[in-house]
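# Structural characterization, general
This is what each chain is made of:
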Amino acid sequence: MNIENLLKYQKLDQELFAVEQKIANSPYRKKANELATLAKKTQTKSVELETEAEKLLAQIEDLKEKYATNKAQADKMMSGKIENMTVEELDKLSTLQKAISKNLSVLEKMLQKSAENINHILAEFNKTKKLYDQARTQYVTCKQKLDEQTKASEPEKAKIKKQLEVLEKDVDPQIMADYKKKRNDNIFPVIVPLENGNFCGRCRMELPKVAISRLKEKGIITCEHCKRYIYLKQE
Ligand SMILES: [Zn+2]
């Protein structure tokens, strides 16, 4: 197994990895994700406010209805002929009038309070809507910048990939397939040297003696811990 060719491949692959990482860690990507979360949050809030407003409007309708009923009752009483009433009837009428008048004043206050609440919800809704619109606009800009960045990196990536294809031919196909699989799983570097005689060059896990002798025999082994290839560095 020719380790040198694989190392040569990986050295070039490192450049491709760096370009990919630059895009993956782009501040635009981070910002776009944040904005998407914010947009979602404000959207949820809008729906909540809408539901609240609907409930409140139903309450207001109910209050209005009660107010109208009370008012009609009061008007009806006022139009009654009091000349024909007995003293008890007049007393009863007076008590009822007072009760209805009290009801009306309570209902009026409730209606006023509900109107204030609905105005508050409306203001809150407008504020939330504005936040959503802002987040949405910024998201589009960010996404555009990220797409531009990605697109700008394509020629360089294509160039490296083409060179990699050439180098690939000098590597054992089985090892190459395995390398690519690891690379796809975001394992990089894929192949690392054995360090201090018995440690994985990446995760520093101490390797058992049996693994070391297998490494000496085959030239390459897989680290049980970080799944990387370990090779024996020529001194
Ligand atoms: Zn390891």
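Scoring rules and cut-offs
Residues numbered from 1 in each chain as written. Predicted model: local features only at pLDDT ≥ 70, side-chain atom pairs only at ≥ 80, totals over all residues. Heavy atoms only, no water. Donors = N, O, S within 2.8 Å, 3.2 Å for Na, K, Ca; no water. Tetrahedral: all angles 85-135°; square planar, octahedral: opposite > 155°, others 65-115°. Buried < 20%, exposed > 50% of the residue type's maximum accessible area, 1.4 Å probe, protein only. Pairing = 2+ DSSP bridges. Helix = DSSP H or I, 4+ residues; strand = E, 2+ residues; numbered from the N terminus. Contact = heavy atoms within 4.5 Å. Axes fitted to C-alpha atoms, helices over the stretch in contact; angles between N-to-C directions. Expected span 1.5 Å × (residues − 1). Polar contact = N/O pair within 3.5 Å; in protein donor to acceptor, adjacent residues only side chain to side chain. Domains from an automatic or database assignment.

### Here we look at the coordination of the zinc ion
Each protein donor to the zinc ion is listed here as Cys200 (SG), Cys203 (SG), Cys223 (SG) and Cys226 (SG); together their distances run 2.2 to 2.3 Å. Metal-centred angles of 104 to 114° between the four donor atoms at the zinc ion mark the site as tetrahedral. Of note, the zinc ion draws all its donor residues from one chain, in the sequence arrangement C-x2-C-x19-C-x2-C. Owing to a relative accessible area of 0%, Cys223 belongs among the buried residues under this scheme.

### Considering the sheet that holds strand β4 (residues 229-231)
Here four strands make up an open sheet; going across it, the order is β2-β1-β4-β3 and the pairing mixed. A single partner strand is all that each edge strand has here, and the edge strands are β2 (199-200) and β3 (220-222). Where strand β1 (residues 191-195) meets β4, three bridges bridge the pair, whose relative direction is parallel. Bridge pairing in β4 places Ile191 opposite Tyr229. Strand contacts of helix α1 (residues 3-24): β1, β3 and β4, with the helix running at about 120° to β1, the strand carrying the most contacts. Packed onto the sheet, helix α5 (residues 209-218) meets β1, β3 and β4 and runs at close to 140° relative to β3.

### Describing helix α2 (residues 27-78)
Over its 52 residues, α2 runs 75 Å from end to end, which matches the ideal 76 Å to within 8%, given 1.5 Å per residue. The N-cap residue of α2 is Ser26: its side-chain oxygen and the backbone nitrogen of Tyr28 are 3.1 Å apart.

### Re the domain arrangement of the chain
On domain assignment, one finds that the chain holds domain 1 (19-154) and domain 2 (177-231). The straight-line distance from the C-alpha centre of domain 1 to that of domain 2 is 62 Å.

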